[in-house]
Amino acid sequence: MEIRMQEPSNRLVSIDALRGFDMLMICGADAFFRSFEGKTNLAWLDALALQFEHPEWIGFTFYDFIFPLFLFVAGVSIPFSLEKAISQKVSKKEIYKKALVRMLILIGLGMLDKNAPFPFFDWEQIRLGSVLGRIGIAGFVTVFLYLNFNAQKRLLWVGGILLAYYAAIFLIPVPGFGAGNLSFEGNLVGWFDRTFLPGRLLQGTFDELGILTTFPAICLTILGAHAGGIMRNANQPKSEKLKSLLLVGVVCMGIALLWSMHFPIFKRMWTSSFILLTGGMAFLFLALFFWIIDILQIKKWSFFFVVIGMNSLTIYMIYRFVNFKYTARLLFEGLYRPLGDGWVPVMESLGALALVWLLLYFLYQKKIFFKV
C-alpha cells in the first residue's frame, strides 16, 4: 500500500470525478436515497428510492450498475499508468510483479471487509469472494492483456470470454436441473461454487462474487482499459474521443438488449448481456463527464466528486469500519429530531455523508492519497 503526499499531475479530472461519483453511490448515497421510500407522497421519489435496491434475482436497477462502473473505471486508469511505466523503461517483469502484489493486497483487504469480525478460529465461515478482490483480479488480467495484445485483440478477448460464459451456462448440465437453468437453485454458477469454492457463500448456496462470475466481470475492466486508451490517444482531438466513447457505449448496449432476449440482464449471475449493458452505460457516463469537465471545461461542480475519487480505497474501507451514522446522530440529532421519527434515517444518512466527505476533504487538503 502506498501513501502519496501530493496530487498526481496531468490527470484527467473527469476520471477522478466519475470514480468519486461511483464511490459516493457505494458508500453513503445509496442509503440516503433508499431512506426516502415512503417518506412523502411523491411517486417519483419512491421510484428513485427503489432504484437503489438490488433485485432479488432477475431484474435490473440503477444500483446494479454501481459495482460494474467501479470495475470499469479501474480499467480506465490502466493505460495511463502502464504507458508511463513503459516510457520510464520499467520491465514487464516489474510491471507484472507490481500488479500481482496489488491484486494480493486487494484480495486480502476484500476478505477483511467481507468477513469482519474475522473468524480466525472458524475458517469454514470465511467468505473468499469480495468486491476488492474482484477488482484486483480484473486489474491483473487487464494489465497482462494490455501489455501483450493490441486494442482490437483485447476486444476479441472480451467477446470470447462472454461467449464462452454464455455457452457454459446453457450447455453444461447441472446435476438434477440440466443445462441452461437460470433459477436460483439450478444455475451452473451456484452449483460450481458449492462444489469448488471453499468457505461461506453469501446466500448459503450461491455467491455472486464466486468463481465463474469473475470471468465476465473481468471484461468490464478490459472495456475500461479500452476507454482509457481512447482518452489517452494524443493524436486524436477531444471531439473524436468523445464520439468514440459514445459509439462504443451505444454498440455495447445494443448488443446487450438483443442478447437479453435469451440471456437475461441481471447482476446476480453477471450475465453476458448484463456486462455489455453496464459496460455500455459506463462508456456513456465517462463520455458525459469527459464532455462537461474536460471539453467544456465546466469543472467547479466536479470538485465534490474529485475529493472522493482521489481517495476511493479510503472511503470504501473506512465506511465499512467506522459508524458515521452513529457519529452524525450524536452531533446532529438535536437539529433534525423535530422533523419526526420517519425522517431520522434520511437525516442520519445525510449527516454521515457530510462527515465522510469532510474527512476526505481534510486528506485532500493535506495531499494524502492512499493507493494500492
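Residues numbered from 1 in each chain as written. Predicted model: local features only at pLDDT ≥ 70, side-chain atom pairs only at ≥ 80, totals over all residues. Heavy atoms only, no water.

Q: Looking at this model, I keep getting lost on the overall build of the chain. Mind explaining?
A: Helices and strands together make up the secondary structure of the chain, namely 15 helices and 2 strands. For 372 residues, the compact-globule estimate of 2.2 N^0.38 gives 21 Å, and the chain sits close to it at 21 Å. Principal axes of the C-alpha set define a box for the chain whose edges measure 60 × 55 × 45 Å. Within the chain, the fraction of its 372 residues that count as buried is 49%. Carbon and sulfur atoms make up 67% of the accessible area of the chain, which amounts to about 17600 Å² in all. The centroid of the 34 positive side-chain charges in the chain is displaced by 11 Å from the centroid of its 24 negative side-chain charges. (Helix = DSSP H or I, 4+ residues; strand = E, 2+ residues; numbered from the N terminus. Rg over C-alpha atoms; globule rule 2.2 N^0.38 Å. Buried < 20%, exposed > 50% of the residue type's maximum accessible area, 1.4 Å probe, protein only. Areas by Shrake-Rupley, 256 points an atom, 1.4 Å probe, with all protein chains shown as cover. Lys, Arg positive; Asp, Glu negative; His and termini not counted. Charge placed at Lys NZ, Arg CZ, Asp CG, Glu CD.)

Q: Can you help me understand the packing of aromatic side chains in this one?
A: How two aromatic rings sit relative to each other is set out by the distance from centre to centre and by the angle between their planes. Scanning the entire structure with this criterion turns up 41 aromatic pairs. Ring centres 5.4 Å apart and planes at 85° place the aromatic pair tryptophan 57 and phenylalanine 184 in the edge-to-face group. With a gap of 127 residues between them, tryptophan 57 in the loop between helix H2 (43–50) and helix H3 (66–76) and phenylalanine 184 in the loop between helix H7 (151–171) and helix H8 (188–196) connect regions that are remote in the sequence. Sitting over the face of the ring of tryptophan 270, arginine 134 holds its NZ or CZ atom 5.0 Å from the ring centroid. Over the ring of phenylalanine 321 we find arginine 320; its NZ or CZ atom is 5.9 Å from the centre of that ring. (Phe/Tyr/Trp six-rings, centres within 6.5 Å; stacked < 30°, edge-to-face > 60°. Lys NZ or Arg CZ within 6 Å of the ring centre and 35° of its normal.)

Q: Before we go on, may I ask you to explain the packing of helix H1 (residues 13–34) against helix H13 (residues 312–321) in this structure?
A: Between two packed helices, both the angle of their axes relative to each other and the distance between the axes serve to describe the pair. Between H1 and H13, whose axes approach to 10 Å, the crossing angle comes to 0°. Between H1 and H13, the angle is such that the two are roughly parallel. On the side of H1, the interface is formed by Arg19, Met23, Ile26, Cys27 and Gly28, while H13 contributes Ser312, Ile315, Tyr316 and Tyr319. Of the residues belonging to the contact of H1 with H13, the class tally is 6 nonpolar, 2 polar and 1 charged. (Axes fitted to C-alpha atoms, helices over the stretch in contact; angles between N-to-C directions. Parallel < 35°, antiparallel > 145°, perpendicular 65-115°, else oblique. Contact = heavy atoms within 4.5 Å. Nonpolar A, V, L, I, M, F, W, Y, C, P; charged D, E, K, R; others polar.)

Q: Got a minute to help me understand the environment of arginine 268 in this structure?
A: Examined against the element boundaries, arginine 268 turns out to sit in the loop between helix H10 (238–259) and helix H11 (272–295). Placed 212 residues apart in sequence, arginine 268 and glutamate 56 show a C-alpha to C-alpha distance of 8.4 Å. In this structure, arginine 268 is in contact with His54, Pro55, Glu56, Trp57, Phe206, Glu208 and Thr213, ignoring residues within four places of it in sequence. At 3.3 Å, the side chain of arginine 268 forms a polar contact with the backbone oxygen of proline 55. One polar contact links arginine 268 to glutamate 208, side chain to side chain, over a distance of 2.6 Å. (Polar contact = N/O pair within 3.5 Å; in protein donor to acceptor, adjacent residues only side chain to side chain.)

Q: What is the right way to look at the nonpolar core in this model?
A: A general feature of soluble globular proteins is that nonpolar side chains tend to end up buried together. Core analysis: the largest hydrophobic core is formed by 99 residues, its most contacted members being Phe72, Ile169, Leu245 and Met269. The leading source of residues in this core is H11, at 12 residues. If near-sequence neighbours (up to four positions away) are discounted, methionine 269 is found in contact with Trp57, Tyr165, Ile169, Leu182, Asn187, Val189, Phe206 and Thr213. One finds Leu82, Ile95, Tyr146 and Leu147 within the second-largest nonpolar core, a separate group that totals 8 residues. (Core = buried A, V, L, I, M, F, W, Y, C linked by side-chain atoms within 4.5 Å.)

Q: I keep staring at the side chain of lysine 267 and nothing clicks. Help me out?
A: Tracing the sequence through the fold places lysine 267 in the loop between H10 and H11. What lysine 267 contacts, discounting residues up to four positions off in sequence, is His54, Gly59, Asp64, Phe67, Glu208 and Phe274.

Q: What am I meant to see in a nonpolar patch on the surface here?
A: Where nonpolar side chains cluster on the molecular surface, the patch consists of Leu288, Trp291, Leu296, Ile298 and Trp301 and spans about 460 Å² of accessible area. Position of leucine 296 relative to the elements: it lies in the loop between H11 and helix H12 (303–309). The exposure class of leucine 296 is partly exposed, given its relative accessible area of 40%. (Patch = residues over 30% accessible without salt bridge, like charges linked within 9 Å, V, L, I, M, F, W, Y side chains within 5 Å. Salt bridge = Lys/Arg side-chain N within 4 Å of Asp/Glu carboxyl O.)

Q: Whenever I open this one, the packing of helix H14 (residues 324–336) against helix H15 (residues 344–365) confuses me. Can you help?
A: The interhelical angle for the contact between H14 and H15, taken along N-to-C directions, is 120°, at an axis separation of 8 Å. In terms of their interaxial angle, H14 and H15 are classed as oblique. In this structure, H14 crosses over H15, and the sense of that crossing is right-handed. For the pair formed by H14 and H15, the contact residues are Phe324, Lys325, Thr327, Ala328, Arg329, Leu331, Phe332 and Tyr336 on the first element and Val344, Met347, Glu348, Ser349, Gly351, Ala352, Leu355, Val356 and Leu359 on the second. Of the residues belonging to the contact of H14 with H15, the class tally is 11 nonpolar, 3 polar and 3 charged. (Left-handed = near helix turned anticlockwise from the far one by under 90°.)

Q: How do you make sense of the pattern of salt bridges when you look at a structure like this?
A: Where charged atoms from two side chains of opposite charge approach closely, those side chains can pair. In the structure shown here, the tally under the stated rule is 10 salt bridges. With a shortest N-O distance of 4.0 Å, arginine 34 and glutamate 53 are connected by a salt bridge. With arginine 34 in helix H1 and glutamate 53 in the loop between H2 and H3, this pair connects stretches of sequence that are 19 residues apart. Its relative accessible area of 26% is what places arginine 34 among the partly exposed residues. The exposure class assigned to glutamate 53 is partly exposed, which follows from its relative accessible area of 37%. A salt bridge links arginine 337 to glutamate 333; its shortest N-O distance comes to 2.3 Å. What makes arginine 337 partly exposed here is its relative accessible area of 35%. Taken together, the shared-partner salt bridges connect Asp30, Arg34 and Glu53 into one network.

Q: Would you mind showing me how to read unusual backbone geometry here?
A: Negative phi characterises most residues that are not glycine, and trans characterises most peptide bonds. Across the junction of alanine 116 and proline 117, the peptide omega takes the value -5°, indicating a cis bond. Within the secondary structure, proline 117 sits in the loop between helix H5 (92–115) and helix H6 (131–148). Even without being a glycine, tryptophan 270 presents a positive backbone phi close to 45°. One can find tryptophan 270 in the loop between H10 and H11.

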